[in-house]
Amino acid sequence: MSARSGRIIRPSPRRQISRRGIAGVAAVAVLAVAGAVTFSANSAAGIPEASLDAPPVLVLANAASSGPATPEPTRVAPVSAPAVGRTRPPTVKMPMSKVAPVFSFRGFPDDAHLRLNGSATVADGRLVLASGRDRAGSAWATTTIDPSRSFSTGFTFEISKISDGIAFVVQGRSGTARGSSGEGLGYGARPGTGRPRIRPSLAVEFDAWPNAFDPVDRQHVAVTRNGDVTRHLVWTEPGFSLYGRGVVNVWIDYDARMHRLRVYASRKSGFRPAEPLVTTSVDLRRIVGTGQTHVGLTGGTGITTVADPVAAVTAWNLKLR
Ligand SMILES: [Ca+2]
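Conventions used here
Residues numbered from 1 in each chain as written. Predicted model: local features only at pLDDT ≥ 70, side-chain atom pairs only at ≥ 80, totals over all residues. Pairing = 2+ DSSP bridges. Helix = DSSP H or I, 4+ residues; strand = E, 2+ residues; numbered from the N terminus. Axes fitted to C-alpha atoms, helices over the stretch in contact; angles between N-to-C directions. Buried ≥ 20, exposed ≤ 12 C-beta atoms within 10 Å, placed from the backbone. pLDDT = per-residue confidence, 0-100. Contact = placed C-beta atoms within 7 Å. Core = buried A, V, L, I, M, F, W, Y, C linked by C-beta atoms within 7 Å.

## Here's the deal with the sheet that holds strand S9 (residues 201-207)
Paired through backbone hydrogen bonds, the strands of a sheet run either parallel or antiparallel to each other.
Reasoning step 1: The strand order across the open sheet formed by three strands is S9-S10-S11, and the pairing between neighbours is antiparallel. Each having just a single partner strand, S9 and strand S11 (234-236) make up the two edges of the open sheet. Neighbour-to-neighbour, the strand axes of this sheet turn through a mean angle of 15°, independent of strand direction.

Here's what the structure looks like:
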């Protein structure tokens, strides 16, 4: 959201009441995929459990590690999603498999294995992407991935009060890449900020604040490319609020062979919907190139606020297929 842009879509009477005097928090979860890299287990186990078409599998890692990346475990075991924050995360039982994980954060005791930019920080076991007025942050895993590989990622996020949104981003730019606050959602560009959008990139945005350029005057989940928050490759309404008390559970699957991206989301702990919210055809290599590909999350807050919204991620994992 941005009063500066002068393009705010007026919400319905109900939304006007809920938004009045409230800051916009743009939380963008961005997954950046760059470079052909063999993943090693990094941090801890995350939530929701990443899963592709095959049953989800996760290699346990040292969640509390503050040192260098731990060696990749040789054991693949069923994992119960950990409790993070106030909301109990979903529990997923997994069969034995040889699928290798890339990383898994069971909460965020510190910033190990992360590259934080802008307002991004870790606090109270959470990865806070943006907190307060007019902020933008990005967090990239220190482990990059190969965009020619299929992957699955899962994470939980929470946006305390109405705001712009959150995004999951895969980008081939750098570990310091960051977009604008407000409608930039931490990965796109907002006029007047002087901050470029992240490109090349592919983003799955969870946009809680409709702007004039957005496809609908309501909250939506969409896929965008090259940091262009005004053009949506595909979008839909989630059917639940992206902000407010409790976490949103997200699963994103990318099939490199079929060039297919699927996004699932739920407010119900441990429940992965059978049907994806959005499905689209994308070839990551054609979008981000074949170099180092970063995966991460971004978020931001708007400028019209009297309160302090917080956009945070409580757990995150990713594995290659
Ligand atoms: Ca928006």
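So that's the structure; there's more coming.
## Brief notes about the pairing of strand S15 (residues 294-301)
Reasoning step 1: With eight of its eight residues buried, S15 lies for the most part within the structure.
Reasoning step 2: Residues His294, Gly296, Thr298 and Gly300 of S15 are buried on one face, and the alternating residues Val295, Leu297, Gly299 and Thr301, pointing to the opposite face, are buried as well.
Reasoning step 3: In this sheet, S15 lies alongside strand S6 (residues 136-141) in antiparallel orientation, the contact comprising five bridges. Looking at the pairing, Ser138 lines up with Thr298 of S15.
Reasoning step 4: Pairing geometry for strand S8 (residues 165-171) and S15, over seven bridges, is antiparallel. Of the residues in S15, the one forming a bridge with Phe168 is Leu297.

## As for unusual backbone geometry
Generally, phi is negative for residues other than glycine and the peptide bonds are trans, each holding for most cases.
Reasoning step 1: Following Arg199, the chain continues into Pro200 via a peptide bond in cis, with omega recorded as 0°.
Reasoning step 2: Phi at Asp134 is positive, roughly 55°, even though this residue is not glycine.
Reasoning step 3: Secondary-structure assignment places Asp134 in the loop between strand S5 (126-131) and S6.
Reasoning step 4: C-beta crowding within 10 Å serves as the criterion here: with 22 such atoms nearby, Asp134 is assigned to the buried category.

## Focus: the confidence of the model for the protein chain
Reasoning step 1: When the pLDDT values of the protein chain are averaged, the result is 76; 68% of them are 70 or greater.
Reasoning step 2: Every residue in residues 3-46 is under pLDDT 50, and counting partners more than four places away or in other chains gives 218 contacts.
Reasoning step 3: Predicted confidence for residues 51-99 stays below pLDDT 50, and this span has 125 contacts to residues more than four positions away or in other chains.

## With respect to the pairing of S6
Reasoning step 1: In terms of burial, S6 is a largely internal element, six of the six residues being buried.
Reasoning step 2: Of the strand pairs in this sheet, strand S3 (residues 114-118) and S6 are connected by five bridges, and their pairing is antiparallel. Along S6, the bridge assignment pairs Leu116 with Ala139.

## Focus: the nonpolar core
Reasoning step 1: With 68 residues, the main nonpolar core has Leu127, Leu129, Ala167 and Val263 as its most contacted residues.
Reasoning step 2: Per-element tally for this core: the top contributor is strand S16 (residues 310-320), with eight residues.

## Regarding the environment of Gly186
Reasoning step 1: Secondary-structure assignment places Gly186 in the loop between S8 and S9.
Reasoning step 2: Between the C-alpha atoms of Gly186 and Gly118, which are 68 residues apart in sequence, the distance is 8.9 Å.

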